[in-house]
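In case you want the letters, here they are:
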Amino acid sequence: MNPATEAGFPAGTWLSVAAILGGLAVAAGAFGAHALEGRLSEHYMNVFQTAVQYQMFHALALLGVALIGLVRPDASWLVPAAWAFLVGILLFSGSLYTLVLSGVKVLGAITPIGGVAFLVGWVCLVVTGLRLGA
């Protein structure tokens, strides 16, 4: 039995989710560079690149959360941090990808919700750090 799972934080699952999201960010970046180059305006290429960068940054943040969970599965703020980063990637990067590929501009209204989710994830990590340092 995995002690991280017993304590309520499935570190292995979140490690896998982080790896999948990181790999998908690499694939999206390659898709943007090769399949979308010359097909989109510079503005939309920049929007797509922003989506890729934020996905990768937060996949790495999620990886960090999973690694902390392997060492300290009792850190209760890791679960909301992990979920916040996942939701942030889905809403922030997902809405930007969809906006660029579909041209439906109203989807841009979802993006800030994803940004707030990212901020919530970072605040959860701050709380985790403060509690672990105590």
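Definitions and limits used
Residues numbered from 1 in each chain as written. Predicted model: local features only at pLDDT ≥ 70, side-chain atom pairs only at ≥ 80, totals over all residues. Heavy atoms only, no water. Phe/Tyr/Trp six-rings, centres within 6.5 Å; stacked < 30°, edge-to-face > 60°. Helix = DSSP H or I, 4+ residues; strand = E, 2+ residues; numbered from the N terminus. Buried < 20%, exposed > 50% of the residue type's maximum accessible area, 1.4 Å probe, protein only. Axes fitted to C-alpha atoms, helices over the stretch in contact; angles between N-to-C directions. Parallel < 35°, antiparallel > 145°, perpendicular 65-115°, else oblique. Left-handed = near helix turned anticlockwise from the far one by under 90°. Nonpolar A, V, L, I, M, F, W, Y, C, P; charged D, E, K, R; others polar. Contact = heavy atoms within 4.5 Å. Salt bridge = Lys/Arg side-chain N within 4 Å of Asp/Glu carboxyl O. Core = buried A, V, L, I, M, F, W, Y, C linked by side-chain atoms within 4.5 Å. Expected span 1.5 Å × (residues − 1).

Caption draft 1: View of the packing of aromatic side chains. Within this structure, the stated rule accounts for eight aromatic pairs. Residues Trp14 and Trp83 carry aromatic rings whose centres are separated by 5.1 Å and whose planes lie at 85° to one another, so their mutual orientation is edge-to-face. Of this pair, Trp14 sits in helix α2 (residues 11–36) while Trp83 sits in helix α4 (residues 78–102), and the two are 69 residues apart along the sequence. The class for Trp14 is buried, based on a relative accessible area of 5%. Residue Trp83 is classed as partly exposed on the basis of its relative accessible area of 47%. An aromatic cluster is built from Tyr54, Phe57, Phe92 and Phe118, whose rings are joined through pairwise contacts.

Caption draft 2: Spatial organisation of the packing of α2 against helix α3 (residues 42–71). Where α2 contacts α3, the axes come no closer than 8 Å and their chain directions differ by 160°. The orientation of α2 with respect to α3, classified from their angle, is roughly antiparallel. Crossing of α2 against α3: the hand is left-handed. The residue inventory of the contact of α2 with α3, partitioned by class, reads 22 nonpolar, five polar and no charged.

Caption draft 3: Structural view of the environment of Ala51. Its location among the elements puts Ala51 in helix α3. It is 5.9 Å that separates the C-alpha atoms of Ala51 and Leu96, two residues lying 45 residues apart in sequence. For Ala51, the contacting residues outside a window of four places in its chain are Ser93, Leu96 and Tyr97.

Caption draft 4: Representation of the pattern of salt bridges. The final tally for this structure, using the stated rule, is one salt bridge. With its nearest N and O atoms 3.0 Å apart, the salt bridge here joins Arg72 to Asp74. Take Arg72: its relative accessible area is 32%, and that puts it in the partly exposed class.

Caption draft 5: Structural context of the nonpolar core. In terms of nonpolar packing, the biggest core is built from 34 residues, with Phe9, Trp14, Phe48 and Val65 touching the most fellow members. Contributions of two or more residues to this core are made by α2, α3, α4 and α5 (111–133). Every residue in contact with Val65, bar those within four places of it in the chain, is listed here: Phe9, Leu78, Ala81, Ala82, Phe85 and Leu125.

Caption draft 6: Region of the structure containing α5. In this model α5 runs 33 Å from its N-terminal to its C-terminal C-alpha over 23 residues, within 8% of the 33 Å that 1.5 Å per residue would give. Listed as buried for α5 are Thr111, Gly114, Gly115, Ala117, Phe118, Gly121, Cys124, Leu125 and Thr128. Each element contacted by the buried residues of α5 is listed here: α3 and α4.

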